[in-house]
Amino acid sequence: MARAPKKRKSPYTADRNTPGAFEGETVTRRGLMTAGALGVGGLATMAFGLPALGFALGPNFSQTEPHRWQDVGPEEDFGTQAYVQKIIDLIPDVADSGKTTIYVRKTDPAKDDKKLQDQPYVAISNRCMHLGCPVRYVQAAQRFICPCHGGVYGPNGEVTGGPPVRPLDRFYTKVENGRVQVGPRFSLDSHFNRFPHPRDPSNHLDGLWQYLYPSRPTT
Amino acid sequence: MPKVKLPKPPMPRRTPPRPGTQKPVNGNDKPGLKDHAAEAGIATIGWLDERTGASPFLRGFLYRKVPKGTNWFYTLGSATMFAFLNQAVTGVFLAMYYDPNPTKAYDSARHITNDVWLGAFVRGMHKWGSTVMVLLVFLHMGRTFFFGAYKYPRELNWLIGFVLLLLTMLMSFTGYLLPFDQRSYWASIVGINLNSSGPIVGPYLADFLRAGSEFNQTTLSRFYSIHMLLIPGAIAALIGAHLYLVAKLGTTAPPWLKAEKAKELSEEEV
């Protein structure tokens, strides 16, 4: 059975037999009032909703990790072999929860990767690259060991066992007036390629993975 | 000027007496103090009822027909709601002493436990109550699943219940940080980094939770406001919707009961 041709509705309310229609009117007064009330209500909601949303999401779009240089001691304190444990402030004014432990030694041209030899010192972050627990360096085993889920790293921070997805993060270093200074954090993929925008623990950085875990405005 | 004659509104011939104005029972014409006292409760409820029309609603809500075979498993939902109410009430009062400042949170939590009168009890109720609530949510969900109570027309209630389950989990996650001891700090670090492991959106989600790339001054108060304002409001609203649908759709009979034939039913009723 052939379908009846679709009837085109007239744009005029008078032609559509709408009660109380006016000559030449295309929108009923009721329709206009409904749309107007909904529109004004929507505007009023957005007037407080959008600023509140922006307020909550704001930190996502601003750099929150301050780039500061911190003194960790004179150059004589650090050799190329043993790590020296230091504590620096990641975030000031939040007591212990803003501090972190770093492991510092002098860069050794013999054993350090060429890509990282522009840094005079090696400053390794103790943040585990599995889920962020604090690793500690065990001198006897020459390994960084994570207490939470069994992550193990070699003496340069490279993953030698367990669930971590990339080597331990490092901090930029420089020497000023004979004193070692530690700056912003950077991340490494498993070939020690440097990522100046540090990524979170659990974010892979090898190959295509780096695009699934993009750099964020906060770092 | 001619007087305008307004038409009279239609009135019933005799207005029924207002409730509470009938002749007193003691036989005297004037009600005594005793009569007033005896009727005070009923009069108050009547006054409210006349103005809100609550009683038809409450009658429909509370005096529902329940199917045969309704048993103790059907109380798990109410039990979950009372667990939530326990969390809400104890949480409100814990908030009177708690300070969501990274340098003071631990001390204020310790102050609640050690110094405040009944503090250890109220904090204990909140702490253990959270575990009880999670357990009850899962038992309630299991009851719904194994009794087939999620089927038509109750699918929407299952979905609302699923959102409530997620919100309960979020409550557990955000509440765990608040005592701010070593365990809660590192557990939250791990939890935030778990969020970060999701591809593409994960790192942004973690930034949202931390209010930045590292644990900072606002992380704790952010968790606190999500824990005590944002999610409880959503949970309370969704419990309302959940209950409304339960009252509207009724409960299901347990699956081991066979449906009665319509004929027998009608005979019984006659």
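Quick note: structure is the one above.
Remember, predicted model here, so these are calculated numbers, not experimental data.

## Some thoughts on the overall build of chain A
No. 1: Along the backbone of chain A there are two helices and eleven strands.
No. 2: Taking 219 residues into account, the globule formula puts the C-alpha radius of gyration at 17 Å, and chain A, at 30 Å, lies well above it.
No. 3: Dimensions of chain A, computed from the C-alpha atoms along their principal axes, are close to 95 × 50 × 30 Å.
No. 4: For chain A, the residues scored as buried account for 26% of the 219 residues in total.
No. 5: Pairs at least 24 apart in sequence give 40% of the contacts found in chain A among residues at least 6 apart.

## Some thoughts on the overall build of chain B
No. 1: Scanning chain B from terminus to terminus reveals ten helices and zero strands.
No. 2: Listing each helix as α and each strand as β along chain B from the N terminus yields α-α-α-α-α-α-α-α-α-α.
No. 3: Of all 270 residues assigned to chain B, the portion counted as buried reaches 24%.
No. 4: Nonlocal contacts in chain B, meaning residues at least 24 apart in sequence, comprise 68% of its contacts between residues at least 6 apart.

## Examining the packing of helix 3 (residues 76–94) of chain B against helix 5 (residues 119–146) of chain B
If you want to describe how two helices pack, look at the angle between their axes and the distance between the axes.
Residue and element names in this part refer to chain B.
No. 1: Two elements in contact, helix 3 and helix 5, have axes separated by 8 Å at closest approach and are oriented at 155°. Here helix 5 runs roughly antiparallel to helix 3, going by the angle between their axes. As helix 3 runs across helix 5, the sense of the crossing is left-handed.
No. 2: Counted by class, the contact of helix 3 with helix 5 contains 13 nonpolar, ten polar and two charged residues.

## Some remarks on the interface of chain B and chain A
As a measure of interface size, the accessible area lost when the parts come together is often cited.
No. 1: Taken together, the contacts link 24 residues of chain B with 26 residues of chain A.
No. 2: Secondary structure elements with two or more residues in the side of chain B that touches chain A: helix 7 (182–196) and helix 8 (201–210) of chain B.
No. 3: Sorting elements by how many residues they give to the side of chain B that touches chain A places helix 7 of chain B first, with seven residues.
No. 4: Looking at the side of chain B that touches chain A, its residues break down into 14 nonpolar, eight polar and two charged.

## A closer look at the packing of helix 3 of chain B against helix 9 (residues 219–249) of chain B
All names here are of chain B.
No. 1: Direction vectors running N to C along helix 3 and helix 9 enclose 150°, while the axes themselves pass 12 Å from each other. When the axis of helix 3 is compared with that of helix 9, the two are roughly antiparallel. Here helix 3 runs over helix 9; the crossing is left-handed. Residues M81, F84, A88 and G91 of helix 3 lie in contact with helix 9, whose contacting residues are M228, P232, I235 and I239.
No. 2: Residues that form the contact of helix 3 with helix 9 fall into these classes: seven nonpolar, one polar and no charged.

## Topic: the sheet that holds strand 8 (residues 159–161) of chain A
Residues and elements named next belong to chain A.
No. 1: The strand order across the open sheet formed by four strands is 5-6-7-8, and the pairing between neighbours is antiparallel. Looking at strand neighbours, the two that pair on one side only are strand 5 (136–138) and strand 8, the edges of this open sheet.
No. 2: The pairing of strand 7 (residues 152–153) with strand 8 spans two bridges and is antiparallel. Along strand 8, the bridge assignment pairs Y153 with V159.

## A look at helix 6 (residues 155–176) of chain B
Residue and element names in this part refer to chain B.
No. 1: Relative to the 32 Å expected for 22 residues at 1.5 Å per residue, helix 6 spans 32 Å between its end C-alpha atoms, a close match to the ideal helical length.
No. 2: Within helix 6 the residues assigned to the buried category are N157, G161, L164, T168, M171, F173, T174 and G175.
No. 3: The inward-facing, buried residues of helix 6 abut helix 5, helix 7 and helix 9.

## Looking at the nonpolar core
A general trend in soluble globular proteins is that nonpolar side chains are found buried together.
Residue and element names in this part refer to chain B.
No. 1: If you look at the biggest cluster of nonpolar residues, it comprises 23 residues, and the most contacted ones within it are A105, A109, L178, F180 and L220.
No. 2: Among the secondary structure elements, those contributing two or more residues to this core are helix 4 (105–114), helix 7, helix 8 and helix 9.
No. 3: A105 has contacts with D99, P100, L178, F180 and L220, leaving out every residue within four places of it along the chain.

## Description of the environment of A:R194
All names here are of chain A.
No. 1: Relative to the elements of secondary structure, R194 occurs in strand 11 (residues 194–195).
No. 2: Between the C-alpha atoms of R194 and G31, which are 163 residues apart in sequence, the distance is 61 Å.
No. 3: Apart from the residues lying within four places of it in its own chain, the contact partners of R194 are K115, L116, F186 and L188.

## Let's talk about unusual backbone geometry
No. 1: Look at the link from B:Y152 to B:P153: it is a cis peptide, with omega at 5°.
No. 2: Following the sequence through the fold, B:P153 ends up in the loop between helix 5 and helix 6.
No. 3: A positive phi angle, near 70°, is found at A:D93, a position not held by glycine.
No. 4: By the element assignment, A:D93 lies in the loop between strand 2 (84–89) and strand 3 (99–106).
No. 5: Judged by local crowding, A:D93 falls into the exposed class, with 10 C-beta atoms found within 10 Å.
No. 6: Even without being a glycine, B:I200 presents a positive backbone phi close to 65°.
No. 7: Residue position: B:I200 is located in the loop between helix 7 and helix 8.
No. 8: A count of 11 C-beta atoms within 10 Å places B:I200 in the exposed class.

About the thresholds
- Residues numbered from 1 in each chain as written.
- Chains lettered and ligands numbered in written order.
- Predicted model: local features only at pLDDT ≥ 70, side-chain atom pairs only at ≥ 80, totals over all residues.
- Helix = DSSP H or I, 4+ residues; strand = E, 2+ residues; numbered from the N terminus.
- Rg over C-alpha atoms; globule rule 2.2 N^0.38 Å.
- Buried ≥ 20, exposed ≤ 12 C-beta atoms within 10 Å, placed from the backbone.
- Contact = placed C-beta atoms within 7 Å.
- Axes fitted to C-alpha atoms, helices over the stretch in contact; angles between N-to-C directions.
- Parallel < 35°, antiparallel > 145°, perpendicular 65-115°, else oblique.
- Left-handed = near helix turned anticlockwise from the far one by under 90°.
- Nonpolar A, V, L, I, M, F, W, Y, C, P; charged D, E, K, R; others polar.
- Pairing = 2+ DSSP bridges.
- Expected span 1.5 Å × (residues − 1).
- Core = buried A, V, L, I, M, F, W, Y, C linked by C-beta atoms within 7 Å.

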